[in-house]
Amino acid sequence: MFDQKIPFLELVHVHRPIQSHVLHAIQNIIESNSYISGKNVRKFEEEYAKFHNVSNCISVGNGLDALIVSLRCLEIGAGDEVLIPANTFIATALAVSYVGATPVLLEPDLSTYNMDFRNIEKSITEKTKAIIPVHLFGQACDMEEIMGLAKRFDLYVIEDNAQAQGASCKGKLTGTFGDMNATSFYPGKNLGAMGDAGAITTNNHDLAKKAQMMKNYGSCVKYVHELMGQNSRLDEIQAAVLIEKLKYLNEWNAERKILAENYNRLLAGIGDIATPFKPDHLEHVYHLYVIRTNLREELKCFLLDKGVETLIHYPIPIHLQNAYKSLGYKKGAFPITEMLAQTSLSLPLYPGLTLSQQEYVAEAIKRFYNGH
Ligand SMILES: *Cc1c(COP(=O)(O)O)cnc(C)c1O
């Protein structure tokens, strides 16, 4: 009866419609003699900016660099504090540390799992320079609230849009609110390359120009260096992949939403499962479909035994990672974040997953609870 194998992520479905276009583009790139920062990169930057209705997109090598380059362009560094969510992928914190500033962690809202904006005001000190909201799992943050607070306290905003490309907040796309906004095209993201890639979006021309230099050795004219920049450039092949995949992003996100609704329906009322809560005014593009249960470890093992692969986002919060021992936080410092780390479980959800596969997952979950 339980004889299927359902991987956590399967990219063949999204790659099928673009494969021949990508092969053709790669053939052209091989013959073009231009492999970095060429015409595919420029075209992708234009199209990604147009998709967001922003004036500038600056491609970079990955999502972490998109955050680092943004922070450097805003001249955030030693002695500064940056507010970030306590439950996010570690990249958000690492970028802040990398520029020499201190990440200040904020507890999430228990319904959306996003940074609770009610914690922002009390976390602001003389040293606070910026807020990095993360649209976690694809759930848009309430950017109106965050932008309002940022304006009141004169703080920069850098959206970390790595998990929410194509999501919106009251009709305006995420990645268009902040002074600079970072995203990642790691292959598994809603818009993914076939390797590492990332981008910054901004409506500020001066910051855009600075970022274009910052990511290319501080230079826009060869061998003339205005800034102590870094090397974080997108290559032509990844840009060509992204040009093709961007055409499908809205369609794929729509499919993710249908799949999420299917799970919501199939899992309603089973055991102690909490399905994702989505506020009406904030879009969710379900980069991940994360449920919560107090029986997380047992359920994860049970599902694996039935052929269903799941993951945990994220098993160890940033403040309890060895890498961040220096911040001096003890267990218990962020109870909501720690509870999420103990109880969250991400189910398979990606374009191409079928309703019958979802029913299989739901049946397996039901079976698990029948035994409890
Ligand atoms: C994936 C991710 C990043 C980092 O992206 P990379 O391309 O892996 O460097 C940053 N922030 C969040 C929230 C992410 O999910």
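Use the structure listed above.
Residues numbered from 1 in each chain as written. Predicted model: local features only at pLDDT ≥ 70, side-chain atom pairs only at ≥ 80, totals over all residues. Heavy atoms only, no water.

Novice: Mind showing me how you'd approach the pairing of strand S9 (residues 198-202) here?
Specialist: Consecutive side chains along a regular strand alternate between the two faces of the sheet. Among the 5 residues of S9, 5 are classified as buried, and the element is accordingly described as predominantly covered. Here S9 shows two buried faces, one formed by Gly-198, Ile-200 and Thr-202 and the other by Ala-199 and Thr-201. In this structure, strand S1 (residues 56-60) lies alongside S9, joined through 5 bridges in antiparallel fashion. Of the residues in S9, the one forming a bridge with Ser-59 is Ala-199. (Buried < 20%, exposed > 50% of the residue type's maximum accessible area, 1.4 Å probe, protein only. Helix = DSSP H or I, 4+ residues; strand = E, 2+ residues; numbered from the N terminus. Pairing = 2+ DSSP bridges.)

Novice: In this structure, what is going on with the sheet that holds strand S2 (residues 81-85)? I would like to understand it.
Specialist: Strand pairing in a sheet is mediated by backbone hydrogen bonds. Such pairs are either parallel or antiparallel. Across the sheet, 7 strands lie side by side as S1-S9-S8-S5-S4-S2-S3; this open sheet has mixed pairing. If you trace the sheet from one side to the other, it starts and ends with S1 and strand S3 (102-106), each paired once. Between one strand axis and the next, the sheet turns through 25° on average, direction left out of account. Here S2 runs beside strand S4 (residues 128-131); their pairing, made up of 3 bridges, is parallel. Residue pairing in the sheet places Leu-83 in a bridge with Ile-131 of S4. Against the sheet, helix H4 (residues 63-73) engages S1, S2, strand S5 (156-160), strand S8 (180-184) and S9, with an angle of about 165° to S8. (Axes fitted to C-alpha atoms, helices over the stretch in contact; angles between N-to-C directions. Contact = heavy atoms within 4.5 Å.)

Novice: Please explain the site of the ligand as it appears in this structure.
Specialist: Taken together, 13 residues lie around the ligand, and Gly-63, Asp-160, Gln-163, Ser-184 and Lys-189 are the ones closest in. In this structure, an oxygen atom belonging to the ligand sits 2.8 Å away from a main-chain N or O atom of Gly-63. The separation between an oxygen atom of the ligand and a polar side-chain atom of Gln-163 is 2.8 Å. In the complex, 89% of the free accessible area of the ligand, which totals 380 Å², lies under the protein chains. Mapped onto the shell around the ligand, the elements with two or more residues apiece are H4 and helix H5 (91-98). (Near = heavy atom within 4 Å. Polar contact = N/O pair within 3.5 Å; in protein donor to acceptor, adjacent residues only side chain to side chain. Areas by Shrake-Rupley, 256 points an atom, 1.4 Å probe, with all protein chains shown as cover.)

Novice: Explain the nonpolar core here, please?
Specialist: As a rule of thumb, nonpolar side chains are buried together in soluble globular proteins. One finds Leu-71, Val-82, Ile-132 and Ile-200 to be the most contacted residues of the largest nonpolar core, which totals 32 residues. Those elements giving two or more residues to this core turn out to be S1, H4, S2, H5, S8 and helix H8 (205-214). Ranked by residue count, the leading element in this core is H4, at 6 residues. Excluding its chain neighbours within four sequence positions, the residues that come into contact with Ile-200 are Asn-56, Cys-57, Ile-58, Val-60, Ala-66, Val-69, Ser-70, Met-180, Asn-181 and Ala-211. Within the second largest apolar cluster, 27 residues are counted, among which are Phe-2, Tyr-289, Leu-299 and Ala-362. (Core = buried A, V, L, I, M, F, W, Y, C linked by side-chain atoms within 4.5 Å.)

Novice: Whenever I open this one, the side chain of Thr-92 confuses me. Can you help?
Specialist: Among the secondary structure elements, Thr-92 is positioned in helix H5. Side chain to side chain, Thr-92 and Thr-88 meet in a polar contact 2.9 Å long. Apart from the residues within four sequence positions on either side, Thr-92 is in contact with Leu-67, Ile-84, Ile-132, Val-134 and Asp-160.

Novice: Just checking my understanding: could you explain the state of the cysteines for this structure?
Specialist: Chemically, a disulfide is nothing more than a covalent bond linking the sulfur atoms of two cysteines. Under the criterion given, the structure shown has 0 disulfides. Left without a disulfide partner, Cys-57 is nearest to the cysteine sulfur of Cys-73, which lies 13 Å away. Cys-73 provides the cysteine sulfur closest to Cys-220, a residue in no disulfide bond, and the two sulfurs are 12 Å apart. (Disulfide = S-S within 2.5 Å.)

Novice: Can you walk me through the environment of Tyr-113 in this structure?
Specialist: Checked against the element boundaries, Tyr-113 lands in the loop between S3 and helix H6 (120-123). The exposure class assigned to Tyr-113 is buried, which follows from its relative accessible area of 5%. Ignoring any residue separated from it by four or fewer positions in sequence, one finds Tyr-113 in contact with Asn-87, Pro-108, Leu-136, Phe-137, Val-290, Arg-292 and Leu-340. A distance of 2.8 Å separates a polar atom in the side chain of Tyr-113 from a polar atom in the side chain of Arg-292.

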